[in-house]
Amino acid sequence: MTKSVSNVNERDFVDVLDLAEQYGARWVIYHGMIPYSKDQASLKACPSPQQNEWAWNKLFDLQSVYKGKPAINVYYPSYARVAKQRGVADWDNWYNRFFLGRCFFGRFMSIAENGDAIPCSYNDAYRFGNVKMQSLQSIWDRMQTSEFFTKVRDKSNLNGKCGVCEYKDICGGCRTSALFFTGDIFGSDPAMCLHPEGSA
């Protein structure tokens, strides 16, 4: 079960969790809102950094209420930073085996409706092959050796607040959000509320 929140509301969180608990669901996944384009209406629909910060902390609090029945997961990179700051139990296991929110741009491939390969389900600005003309394996192999995707995967190349943030190795922001808000795939994800030292 996945829930996207724009007008952040605790009741929305709890209603979904109660329903999941009622039906014995193992977990609920809350998905941060990611814009599909640089269209201003799309960007304005995204929650503010303060709303995201409130939402992630509220969901962290709700974990202790539901005690894993259902478990709560958040599909957005900055939730890792919140969980780390709040002292999630068994950090390494949680981050490497449970957390779904890492940005997989350049580590993931999706297929658009016309057969084009794209590096993120939310980002069709970059297209790098078509399954009607090439095998999935050849497209994937080219992506893995691409200079561009190698650079995007390396968080030392991030700019702005994300580039100087002490949590960039576990977060690093959403590259699609950064692209559509700032025009720079390596830029800061404006959904972040944290202002790291040395950032503007």
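Structure's up top.
Attention in this report is confined to the structure presented alongside it. (Residues numbered from 1 in each chain as written. Predicted model: local features only at pLDDT ≥ 70, side-chain atom pairs only at ≥ 80, totals over all residues. Heavy atoms only, no water.)

Here we come to the environment of Asp39. On the secondary structure map, Asp39 appears in the loop between strand E2 (27–31) and helix H2 (40–44). Separated by 141 residues in sequence, Asp39 and Phe180 have C-alpha atoms that sit 8.2 Å apart. One polar contact links the side chain of Asp39 to the main-chain amide nitrogen of Ala41, over a distance of 3.2 Å. (Helix = DSSP H or I, 4+ residues; strand = E, 2+ residues; numbered from the N terminus. Polar contact = N/O pair within 3.5 Å; in protein donor to acceptor, adjacent residues only side chain to side chain.)

With that settled, the discussion passes to the layout of surface pockets. Considered as a void within the structure, the largest pocket measures approximately 210 Å³ in volume. Along the wall of the largest pocket there are 16 residues; nearest its centre are Ile34, Tyr75, Phe104, Cys120 and Tyr122. (1 Å grid on protein atoms, 1.4 Å probe; cavity = no way out; pocket = protein on both sides within 12 Å on 5 of 7 lines; lining within 4 Å. Points joined across faces, edges and corners; volume = space filled by probe spheres on them.)

Another aspect to go through is a nonpolar patch on the surface. Taken together, the side chains of Tyr75, Phe104 and Phe108 present a nonpolar region at the surface, about 240 Å² in accessible area. Within the element layout of this structure, Phe104 appears in the loop between helix H5 (91–98) and strand E4 (110–111). For Phe104, a relative accessible area of 33% puts it in the partly exposed group. (Patch = residues over 30% accessible without salt bridge, like charges linked within 9 Å, V, L, I, M, F, W, Y side chains within 5 Å. Areas by Shrake-Rupley, 256 points an atom, 1.4 Å probe, with all protein chains shown as cover. Salt bridge = Lys/Arg side-chain N within 4 Å of Asp/Glu carboxyl O. Buried < 20%, exposed > 50% of the residue type's maximum accessible area, 1.4 Å probe, protein only.)

Before going further, it helps to spend a moment on the packing of helix H3 (residues 49–66) against helix H4 (residues 78–86). Remark: H3 packs on H4, axes separated minimally by 10 Å, with the N-to-C direction vectors making an angle of 55°. It follows from the interaxial angle that H3 and H4 lie oblique. In this structure, H3 crosses over H4, and the sense of that crossing is right-handed. Where H3 approaches H4, its residues Glu53, Trp56, Asn57, Leu59, Phe60, Asp61 and Gln63 are matched on the opposing element by Ser78, Tyr79, Arg81, Val82, Ala83 and Arg86. (Axes fitted to C-alpha atoms, helices over the stretch in contact; angles between N-to-C directions. Parallel < 35°, antiparallel > 145°, perpendicular 65-115°, else oblique. Left-handed = near helix turned anticlockwise from the far one by under 90°. Contact = heavy atoms within 4.5 Å.)

Here the focus is empty space enclosed by the protein. Within the structure shown, the criterion is met by 4 cavities of 30 Å³ or more. By volume, the largest cavity amounts to about 130 Å³. Contributing to the lining of the largest cavity are 14 residues, with Cys162, Cys165, Cys171, Met192 and Leu194 lying nearest its centre. The set of elements that each furnish at least two residues to the lining of the largest cavity consists of H4 and helix H8 (160–164). Classifying every residue of the lining of the largest cavity gives 7 nonpolar, 3 polar and 4 charged. As a volume, the second largest cavity reaches approximately 90 Å³. (Nonpolar A, V, L, I, M, F, W, Y, C, P; charged D, E, K, R; others polar.)

What follows deals with the pairing of E2. Of all 5 residues in E2, 4 are buried, a share of seventy percent or more. Here E2 pairs with strand E3 (residues 71–75) via 5 bridges, running parallel. Directly across from Trp27, in E3, lies its bridge partner Ala71. (Pairing = 2+ DSSP bridges.)

What follows concerns the pattern of salt bridges. Taken as a whole and judged by the stated rule, the model has 7 salt bridges. For the salt bridge of Glu10 with Lys58, the shortest nitrogen-to-oxygen distance reads 3.7 Å. Remark: Lys58 occurs in helix H3 and Glu10 occurs in helix H1 (residues 10–22); sequence separation between them is 48 residues. Overall, the relative accessible area of 18% leaves Lys58 in the buried class. Its salt-bridge partner being Asp61, residue Arg86 comes within 2.4 Å of it at the nearest N-O pair.

Here H1 crosses H3 at 35°, and the two axes come no closer than 11 Å. For the element pair H1 and H3, the recorded crossing hand is right-handed. Here Glu10, Phe13, Val14, Leu17, Asp18 and Glu21 of H1 come into contact with H3, specifically with Trp54, Ala55, Lys58, Leu59, Leu62 and Tyr66. Tallied by class, the residues present in the contact of H1 with H3 amount to 8 nonpolar, no polar and 4 charged.

Purely geometric stuff here, so don't read any function into it on its own.
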